[in-house]
Amino acid sequence: MVAHVSLVQLRRVHGVLDCERGSIARHFSVAAAKEDAVSSSSVHGEYGKKVGRSSIFLDRQSEKDLHAFKVSSREARGSYSSKRMPIAATGVNSLFSCGQVVSARHFSSGADLPPHEAIGMPSLSPTMTEGNIAKWVKKEGDKVSPGEVLCEVETDKATVEMECMEEGYLAKIVCGDGAKEIKVGEIIAITVEEEGDIEKFKDYKASSSAAAPAESKPQSEPVEPKEEKKEVSKAPEPTATKTEESSQSGDRLFSSPVARKLAEDNNVPLSSLKASAAKGSKKEAAAAPGLGYVDLPNTQIRKVTANRLLQSKQTIPHYYLTVDSRVDKLIKLRSELNPMQDASGGKKISINDLVIKAAALALRKVPACNSSWMNDFIRQYHNVNINVAVQTEHGLFVPVVRDADKKGLAAIADEVKQLASRAKDNSLKPEDYEGGTFTVSNLGGPFGIKQFCAIVNPPQSAILAIGSAEKRVIPGAAEGQYEIGSFMSATLSCDHRVIDGAMGAEWLKAFKGYLEDPTTMLL
């Protein structure tokens, strides 16, 4: 089929891709998609042809209409003969969920490089913009087959194995073990079809020509300000000019026009002011005691967590509601259920498992709190998926318990413990933490924190912060009688754009009702 492709056709392909890496997107049968498919087919031949019931075409814009799917290279290539090598993440079609194919056939402009596959850093989660290479499983020169792991990629959420889907040879590893902050789409490796082509990529380097123009501008920009400052210095009397010239012979002196004017009026050389400032700073440095420290590199997940939390506090109007619930009946129910769990070989039910169940049922009762702000509208979810905050040495993970309102306590307990174990092992997969609609964070049980306010996890509109249970003395039924009860604090952080104060209070009332009368959760 290669013989049928002309040089003009290949140039058109590069024109469509607009760069060495393209993206294939899928639209289902909506009107706009049909029009795009028709126009694509008319311009690029069979490149926009139908594959099954979906249209394959190029999309360099948003991801909002893209859906997870797999497509073979034969279906995707159409009439142009490039053979593509899709890369998959273990257990999830996450590369295609972002509408991006991270490997693309390169038609070499030089005679020394044969056609090859350029594998880019994949987008393995909706929030991922860059990733790290944990380690390469395959080495340069190795043959790769479908299903074999090429390397382990550290994403913004976890470490994911990247698999090959077609046969070939790993000709060049561009980003080796430990490579960090690799942008999504940036080339990380080269593969070829023929073993004899491997040697031709020995000295291959990814193109960096795009960065050259950006470096030339900053060098020319400072020239103009220097000339302007010289013009300003010539305006005052000759004494000021001499002062500035003498200062420029040593360290460069920065001063505002007001400072120069004051110095001139009081006959104070600017250089002397600079010298005194320098002496003062040296004294301060000498007076400060020596500090020992170590710089700890930020993991990818910690960077992303920091950026998302900063975005949340800056863009989401938070408010907080707190209730204290008496949990004596909840503790009693747990003590009755766990012996049955032990007898059946199940996981023990924790207070946090009961909290997750109560939160899920409260969301079903007050569905307005199970929503997201989407700028032009509010999206209310039918599924109740609870993210559970898990702290690990790698950072904060929030794996999700899907349809928690429909699951029993035993199922929730088992799933939470499995997810927490994978989080601590840094082996969560994208489907383990994506798709949550509400988050629960518990610092009471593990750490004894009485009460705290959590930060909303966007795009969700609420997060529940659970404190520790404490015993309190409360009035009894008769005058002069007292009893001891256990009370637990719960604080709901809300996005005021979605959840009004009364709505948040209604949700907390339902949540408190389930905690104080837990048998209602079993109905």
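Preceding this paragraph is the structure being described.
Residues numbered from 1 in each chain as written. Predicted model: local features only at pLDDT ≥ 70, side-chain atom pairs only at ≥ 80, totals over all residues. Heavy atoms only, no water.

(A) Molecular detail of the environment of R402. Mapping R402 onto the fold places it in the loop between β20 (400-401) and α13 (409-424). Owing to a relative accessible area of 30%, R402 belongs among the partly exposed residues under this scheme. When the C-alpha positions of R402 and V384 are compared, they lie 6.7 Å apart, and in sequence the two are 18 residues distant. When residues no more than four places from it in sequence are discounted, the contact partners of R402 are V384, N385, K407, E415, E431, E434 and G435. (Helix = DSSP H or I, 4+ residues; strand = E, 2+ residues; numbered from the N terminus. Buried < 20%, exposed > 50% of the residue type's maximum accessible area, 1.4 Å probe, protein only. Contact = heavy atoms within 4.5 Å.)

(B) Local environment of the nonpolar core. Judged by nonpolar contacts, the single largest core of 53 residues is most densely connected at I386, F438, L464, W507 and F511. For this core, the elements supplying multiple residues, two or more each, are α11 (328-344), α12 (351-365), β17 (386-388), α13, β21 (438-442), β22 (462-475), β23 (482-495) and α16 (501-516). The element contributing the most residues to this core is α12, with 9 residues. Excluding residues within four positions of it along the chain, F511 makes contact with V355, A358, A359, A362, L464, I466 and A490. Judged by nonpolar contacts, the second largest core, of 20 residues, contains M128, V153, C164 and I182. (Core = buried A, V, L, I, M, F, W, Y, C linked by side-chain atoms within 4.5 Å.)

(C) Summary view of the sheet that holds β17. Ordered in space as β14-β23-β22-β21-β17-β20, the 6 strands form an open sheet in which the pairing is mixed. Looking at strand neighbours, the two that pair on one side only are β14 (318-326) and β20, the edges of this open sheet. Strand direction decides the pairing type here: β14 and β23, joined by 9 bridges, are antiparallel. Directly across from V323, in β23, lies its bridge partner A490. Taken strand by strand, α12 contacts β17, β21, β22 and β23, and its axis lies near 155 degrees from that of β21. (Pairing = 2+ DSSP bridges. Axes fitted to C-alpha atoms, helices over the stretch in contact; angles between N-to-C directions.)

(D) α16, seen in detail. Helix length check: α16 (16 residues) gives 22 Å between terminal C-alpha atoms against 22 Å at 1.5 Å per residue, within 8%. Along α16, the residues that are buried comprise G504, W507, L508, A510, F511, Y514 and L515. Taken around the axis of α16, the buried residues stretch over an arc of 160 degrees, which confines them to a single face. Counted as exposed and oriented over 90 degrees from the buried face of α16: A502 and K509. Contact partners of the buried residues in α16: β14, α11, α12, β21, β22 and β23. (Expected span 1.5 Å × (residues − 1). Arc of directions from axis to C-beta.)

(E) Region of interest: α11. Relative to the 24 Å expected for 17 residues at 1.5 Å per residue, α11 spans 25 Å between its end C-alpha atoms, a close match to the ideal helical length. Of all the residues in α11, the buried ones are L330, L333, L337, N338 and Q341. Each element contacted by the buried residues of α11 is listed here: α12, α13 and α16. Trailing α11 by a residue or two, G345 shows a phi angle of about 80 degrees, which is positive.

(F) Summary view of unusual backbone geometry. Here the bond from P458 into P459 is cis, since omega is 10 degrees, no more than 30 degrees from zero. Within the secondary structure layout, P459 lies in the loop between α15 (444-447) and β22. Of note in the backbone geometry, E181 takes a positive phi value of approximately 55 degrees without being a glycine. Structurally, the position occupied by E181 is in the loop between β11 (168-173) and β12 (182-183). Given the relative accessible area of 44%, E181 is considered partly exposed. Look at N426: it is not a glycine, yet its phi comes out positive at around 60 degrees. For N426, the location among the structural elements is in the loop between α13 and α14 (430-433). A relative accessible area of 17% means that N426 is categorised as buried.

(G) Representation of the pairing of strand β9 (residues 149-154) in the model. Extensive coverage of β9 is indicated by the burial of 5 of its 6 residues. Of the strand pairs in this sheet, strand β7 (residues 130-136) and β9 are connected by 4 bridges, and their pairing is antiparallel. Bridge pairing in β9 links W136 to C151. Bridge count between β9 and strand β10 (residues 159-164): 5 bridges; the pairing is antiparallel. When the sheet's bridge partners are listed, E152 is paired in β10 with E161.

(H) Local environment of the packing of aromatic side chains. Across all of its chains, the model carries 3 aromatic pairs by this definition. Consider the rings of F438 and W507, whose centres lie 5.2 Å apart with planes at 35 degrees: the pair is tilted. Here F438, found in strand β21, pairs with W507, found in helix α16; they are 69 residues apart in sequence, far enough to count as distant. An identical accessibility class is assigned to F438 and W507; each is buried. An angle of 10 degrees between the planes, with centres 5.3 Å apart, marks the rings of W507 and F511 as stacked. With W507 and F511 both in helix α16 and 4 residues apart, this pair spans about one turn of that helix. Of the two residues, W507 and F511, neither departs from the other in class, the shared state being buried. (Phe/Tyr/Trp six-rings, centres within 6.5 Å; stacked < 30°, edge-to-face > 60°.)

(I) Fine view of the pattern of salt bridges. Within this structure, the stated rule accounts for 15 salt bridges. With a closest N to O distance of 2.4 Å, E181 and K303 form a salt bridge. Taken together, the residues E181 in the loop between β11 and β12 and K303 in helix α10 (residues 300-315) connect sequence positions 122 residues apart. Take K303: its relative accessible area is 23%, and that puts it in the partly exposed class. In this structure, a network of salt bridges that share partners links the residues D324, K450, E470 and R472. (Salt bridge = Lys/Arg side-chain N within 4 Å of Asp/Glu carboxyl O.)

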